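Take a look at the letters that make up each chain.
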Amino acid sequence: MEKGPFSVEWLAQSSLGGGREMPGESRPEGSPDGCPLQSPPSVPAESPRERELGSPGLAAVPVSGRVRTKFSAAQLQELERSFRQQRYIGAGEKRRLAALLNLSQSQIKTWFQNRRMKFKRQTQDAR
């Protein structure tokens, strides 16, 4: 079978940045891969589902690229105290806690969302 310009081998090489030129195609000078503005990625691209599940041999990286916030014992104590008073946090209380605990308002909001889900699981498991 003849290897045409769209053979499996050609596609494999082109996806790795080392593809052969198509007939009649020319590459810009000084660019071995034909793309002067982009360099090949150093890590293979993964789908969002693959990132969630994790790939064997690769370190787990959050989908968002953010590092997980580690709350101190004092921060958790204050957040739990506030949660016991009221499960849904208002804007004023969110600003107060953020300033008091040196966290962002979105971190406070997310903590409360996660804590409500934990509370819901706990109450469902108790039934």
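The preceding data block contains the structure.
Because the structure is predicted, anything quoted here is derived from the model rather than measured. (Residues numbered from 1 in each chain as written. Predicted model: local features only at pLDDT ≥ 70, side-chain atom pairs only at ≥ 80, totals over all residues. Heavy atoms only, no water.)

Engineer: Go over the overall build of the protein chain with me, naming the residues and quoting the values.
Structural biologist: Counting secondary structure elements, the protein chain contains five helices and zero strands. In the protein chain, which comprises 127 residues, the share counted as buried stands at 17%. Of all intrachain contacts in the protein chain linking residues separated by at least 6 positions in sequence, the fraction that spans at least 24 positions is 33%. When the accessible surface of the protein chain is totalled, it reaches about 10400 Å², and 54% of it is carbon and sulfur. (Helix = DSSP H or I, 4+ residues; strand = E, 2+ residues; numbered from the N terminus. Buried < 20%, exposed > 50% of the residue type's maximum accessible area, 1.4 Å probe, protein only. Contact = heavy atoms within 4.5 Å. Areas by Shrake-Rupley, 256 points an atom, 1.4 Å probe, with all protein chains shown as cover.)

Engineer: Kindly report on helix α4 (residues 91-101), identifying the contributing residues and their values.
Structural biologist: Among the residues making up α4, those that are buried are Lys94, Leu97, Ala98 and Leu101. Projected onto a plane normal to the axis of α4, the buried residues spread over an arc of 100° and lie on a single side. Residues Ala99 and Leu100 are exposed on α4 and point more than 90 degrees away from its buried face. The inward-facing, buried residues of α4 abut α3 (73-85) and α5 (105-126). Two residues or fewer after α4 comes Asn102, characterised by a positive phi angle close to 60°. (Arc of directions from axis to C-beta.)

Engineer: Describe the packing of α4 against α5, with residues and values.
Structural biologist: Direction vectors running N to C along α4 and α5 enclose 110°, while the axes themselves pass 8 Å from each other. Our classification of the angle between α4 and α5 gives roughly perpendicular. Judged by the sense of rotation from one axis to the other, the crossing of α4 with α5 is right-handed. Across from Lys94, Arg95, Leu97, Ala98 and Leu101 in α4, the residues of α5 making contact are Gln105, Ile108, Lys109 and Phe112. Taken together, the residues that form the contact of α4 with α5 break down as five nonpolar, one polar and three charged. (Axes fitted to C-alpha atoms, helices over the stretch in contact; angles between N-to-C directions. Parallel < 35°, antiparallel > 145°, perpendicular 65-115°, else oblique. Left-handed = near helix turned anticlockwise from the far one by under 90°. Nonpolar A, V, L, I, M, F, W, Y, C, P; charged D, E, K, R; others polar.)

Engineer: Lay out unusual backbone geometry in plain terms, naming residues and giving numbers.
Structural biologist: Of note, the phi angle at Asn102 is positive, near 60°, even though the residue is not glycine. Along the polypeptide, Asn102 turns up in the loop between α4 and α5.

Engineer: Could you give an account of the packing of aromatic side chains, naming the residues involved and the relevant values?
Structural biologist: Where two aromatic rings form a pair, the distance of their centres and the angle of their planes describe that pair. If you walk through the whole model with that rule in mind, you get four aromatic pairs. On the numbers, 6.2 Å between centres and 70° between planes, the contact of Phe83 with Phe119 is edge-to-face. Of the two residues, Phe83 is situated in helix α3 and Phe119 in helix α5; the sequence distance between them amounts to 36 residues. Since its relative accessible area comes to 27%, Phe119 is described here as partly exposed. Members of the aromatic cluster, each reached through a chain of ring pairs, are Phe83, Trp111, Phe112 and Phe119. (Phe/Tyr/Trp six-rings, centres within 6.5 Å; stacked < 30°, edge-to-face > 60°.)

Engineer: How would you explain the nonpolar core if you had to name every residue and give the values?
Structural biologist: In this structure, Leu79, Phe83, Ile89, Leu97, Ala98, Leu101, Leu103, Ile108, Trp111 and Phe112 together form the largest nonpolar core, which totals 10 residues. Every residue in contact with Leu103, bar those within four places of it in the chain, is listed here: Phe71, Gln75, Ala98 and Ile108. (Core = buried A, V, L, I, M, F, W, Y, C linked by side-chain atoms within 4.5 Å.)

Engineer: Run through the pattern of salt bridges, naming residues and quoting values.
Structural biologist: A side chain of one charge can pair with a side chain of the opposite charge when the charged atoms of the two come close. Tallying each qualifying case throughout the model produces four salt bridges. The partner of Glu78 in a salt bridge is Arg81, and the shortest N-O contact between them spans 2.5 Å. With a gap of three residues between them, Glu78 and Arg81 both fall in helix α3, about one helical turn apart. Across the salt bridge formed by Arg115 and Glu80, the nearest N and O atoms sit 3.0 Å from each other. (Salt bridge = Lys/Arg side-chain N within 4 Å of Asp/Glu carboxyl O.)

None of the figures reported here should be taken as evidence of function without further support.
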